[in-house]
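# Examination of the molecular architecture
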Amino acid sequence: MRAVIFHGPRDIRLSEVPRPVPGPGEVLVRRGAALTCGTDFKAFRRGHKVLLGEYPSGFGHELAGVIEEAGPGVGRFKPGTRVVVGNSAPCDGCFYCDRGQNFLCERLKLHNGAYADFDLVPANIVRHNLWPIPDSLSFEAAALSEPLACALHGVEAVRVAKGETAVVVGAGVMARLLVAALKARGARVVVVGRSRPPLDAALALGAEAVVGSEDGDPVKAVKALSSGRGGDAVFEAVGLPETWKSAVAMTRKGGRACLFGGCAQGTEVSLDAHRIHYEGLTLSGVFHHTPAYFKAALDLLASGAVSPKGLVEGAIPLADVPRYFAENAERALPKTAVLA
Ligand SMILES: [Zn+2]
Ligand SMILES: [Zn+2]
């Protein structure tokens, strides 16, 4: 079979590899659609040990397809079942799993290998984070479960309530998934970005207002849109020190900031400590998801409350993945489906 293998930053190659045979508890999934992800692009540019572990490694982690073959002991999934594959599963035996913080599991190993003809799904994922999908749901839509699960995790972490004003800093695909998750929660959403097309896409997804570079100081602009106070909950979805700072500055007294965009290792950010203390701000770092968020994301997609429109654009064949990453490494594109 063909598989895209990650050998190191800016070095991914399409290779012929033996088609895996599922062992006990494992299943082999034939790719229906894999989606490109900003994290994959980040990994392509600078490497990513958290995502990929040791190289060479499989690549791609947003996948829906059809069970091709089930290993011994897999009763729940018969060949021919359409599924979406979670990219991690808790071990259920460590300090963090015991406390419901599955995303911090000491044995968390993120699964990659979506950019291939077949993906061998490990037994712990088959047990905890492999989900049948309804016939009415396209593979592309189902594969959005992973990034949408991360967004739901962020929204839940800072407990956004119906009618609250939520601010999303950033207008990329993850930011737009946050908009979709916040709308599903009944929040009023303001999106802060720079250029117009992604902000228009955010409006199309239901954002009430957007703030672009032409609107001057974004902190002032957000306050003007929230009775002068700032957002009840503010989500940073860029992953840069400047935007972490402005996200905290946009958070109202007593509000919550969700620091959702991951910065490079060693990054330090200076924040107004006086405000955080005397104005009772809550700052939450949020990363990844859990099987429960994954299932909730799939349910939202299956219900039609969130659709791939404006999030996934176009399709490429598997053989084009290395070229596509090389040519678009510095761009912030919408997701693309890897189909044929
Ligand atoms: Zn992803
Ligand atoms: Zn664990």
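Counting restarts for each chain: residues are numbered from 1 in the order of the written sequence. Here chains are named by letter from A upward and ligands by number from 1 upward, in the order in which they appear as written. This being a predicted model, a pLDDT of at least 70 is required before a residue's local features are given, and a value of 80 or more before pairs of side-chain atoms are given or counted; all residues contribute to the totals for chains, interfaces and linings.

### Observations concerning the overall build of the protein chain
Threshold: Numbered from the N terminus, helices here are DSSP runs of H or I no shorter than four residues, and strands are runs of E no shorter than two. Contacts here follow a simple rule: the backbone-placed C-beta atoms of the two residues must lie within 7 Å.
In terms of helices and strands, the protein chain carries 13 helices and 16 strands. Put simply, of all contacts in the protein chain between residues at least 6 apart along the chain, 69% involve residues at least 24 apart.

### Let's talk about helix 6 (residues 145-157)
For clarity, the threshold we go by: Take the number of residues in a helix, subtract one, and multiply by 1.5 Å to get its expected span. Residue burial is a threshold on neighbouring C-beta atoms within 10 Å of the residue's own C-beta, all placed from the backbone, with 20 or more meaning buried, 12 or fewer meaning exposed, and counts in between meaning partly exposed.
For helix 6, spanning 13 residues, the distance from its first C-alpha to its last is 18 Å, which sits close to the expected 18 Å at 1.5 Å a residue. Of all 13 residues that make up helix 6, eleven are buried, and the element is covered over most of its length. Looking only at helix 6, the buried set comprises Ser145, Glu146, Pro147, Leu148, Ala149, Cys150, Ala151, Leu152, His153, Gly154 and Val155. Residues of helix 6 that are buried in the fold lie against strand 6 (82-85), helix 5 (139-143), helix 7 (173-184), strand 12 (231-236), strand 13 (251-259) and helix 12 (291-303). One or two steps after helix 6, the chain reaches arginine 159, where phi turns positive at roughly 45°.

### Considering the domain arrangement of the protein chain
Spelled out, the test is: These domain limits were set by an automatic method or by a database of domain assignments. The nonpolar class holds Ala, Val, Leu, Ile, Met, Phe, Trp, Tyr, Cys and Pro. Asp, Glu, Lys and Arg form the charged class, and all remaining residues, Gly among them, are polar.
Each assigned domain of the protein chain is listed with its residue range as follows: domain 1 (2-144 + 308-338) and domain 2 (149-285). Centre-to-centre, using C-alpha coordinates, domain 1 lies 28 Å away from domain 2. Partitioned by chemical class, the residues of the side of domain 1 that touches domain 2 number three nonpolar, two polar and one charged.

### Describing the nonpolar core
Operational definition: Here, a nonpolar core means buried Ala, Val, Leu, Ile, Met, Phe, Trp, Tyr and Cys residues linked by C-beta atoms lying within 7 Å of one another.
The biggest cluster of nonpolar side chains holds 108 residues, and the ones touching the most others in it are Leu148, Val168, Leu178, Val179, Val191 and Phe235. A total of nine residues in this core trace back to one element, the largest contributor, which is helix 7. Taken domain by domain, the makeup of this core includes at least three residues from each of domain 1 (2-144 + 308-338) and domain 2 (149-285). Excluding anything up to four places from it in sequence, phenylalanine 235 contacts Gly154, Ala166, Val167, Val168, Val169, Leu178, Cys258 and Phe260.

### Some remarks on the environment of leucine 271
With respect to the helices and strands, the residue leucine 271 is situated in the loop between strand 13 and helix 11 (273-278). Residues leucine 271 and proline 241, spaced 30 residues apart in sequence, show a C-alpha to C-alpha distance of 9.6 Å. Ignoring anything within four residues of it in the chain, the contact list for leucine 271 reads Lys245, Val248 and Ile276.

### Things to note about the packing of helix 6 against helix 12
We count it as follows: Lines fitted to C-alpha atoms define the axes, with helix axes restricted to the stretch in contact, and inter-axis angles between N-to-C directions lie between 0 and 180 degrees. When describing relative orientation, an angle under 35 degrees is termed roughly parallel and one over 145 degrees roughly antiparallel, while 65 to 115 degrees is termed roughly perpendicular and anything else oblique. Crossing chirality is assigned from the near helix's rotation relative to the far helix, an anticlockwise turn below a right angle marking it left-handed and a clockwise turn marking it right-handed.
In contact at an axis separation of 8 Å, helix 6 and helix 12 are set at 110° when each is read in the N-to-C sense. One way to sum up the angle between helix 6 and helix 12 is to call them roughly perpendicular. For the pair helix 6 and helix 12, the sense of crossing is right-handed. Every residue of helix 12 that contacts helix 6 at Ser145, Glu146, Leu148, Ala149, Leu152 and His153 is listed here: Tyr293, Phe294, Ala296, Ala297, Leu298, Leu300 and Leu301.

### Things to note about the sheet that holds strand 13
How we decide: Here a strand pair is declared whenever DSSP counts at least two bridges between the two strands.
The six strands are arranged 11-10-9-12-13-14 in an open sheet whose pairing can be described as parallel. For this open sheet the edge positions go to strand 11 (209-211) and strand 14 (282-285), each flanked by a neighbour on one side alone. Here the average twist between neighbouring strands, direction ignored, is 20°. In the sheet, strand 10 (residues 188-192) pairs with strand 11 via three bridges, with the strands oriented parallel. Within strand 11, the position partnered with valine 192 by the bridge is valine 211. Along the sheet, helix 7 makes contact with strand 9 (165-169), strand 10 and strand 12, crossing strand 10 at roughly 170°.

### Let's talk about the pairing of strand 14
Put simply, the rule reads: Look down the strands so they point away from you; if going from the first strand over the helix to the second traces a clockwise path, that crossover is right-handed.
Pairing analysis gives four bridges linking strand 13 to strand 14, with the strands arranged parallel. Paired with alanine 257 across the strands is leucine 283, a residue of strand 14. Between strand 13 and its parallel partner strand 14, the chain crosses via helix 11, and the hand of that crossover is right-handed.

### Here we look at the sheet that holds strand 1 (residues 2-8)
The strand order 2-1-4 describes an open sheet built from three strands, whose pairing is antiparallel. Only two strands of the sheet have a single neighbouring strand rather than two, namely strand 2 (11-16) and strand 4 (57-58). In terms of strand pairing, strand 1 meets strand 4 through two bridges, oriented antiparallel. The residue of strand 4 that forms the bridge with phenylalanine 6 is serine 57. Against the sheet, helix 13 (residues 321-328) touches strand 1 and strand 2, its axis set at about 170° to strand 2.

### Considerations on the environment of proline 322
As for its placement among the helices and strands, proline 322 is situated in helix 13. Distance in space between the C-alpha atoms of proline 322 and asparagine 102 is 32 Å, their sequence separation being 220 residues. Beyond its immediate chain neighbours, meaning those up to four positions away, proline 322 contacts Val4, Ile12, Arg13 and Leu14.

### Some points on unusual backbone geometry
Cis geometry is adopted by the peptide bond preceding proline 56, which originates at tyrosine 55 and carries an omega value of -10°. Note on placement: proline 56 falls in the loop between helix 2 (49-52) and strand 4. One non-glycine residue with positive phi stands out, namely arginine 10, at about 60°. As for its position among the elements, arginine 10 is in the loop between strand 1 and strand 2. Phi is positive for histidine 288, which is not a glycine, with a value near 65°. Secondary-structure assignment places histidine 288 in the loop between strand 14 and helix 12.

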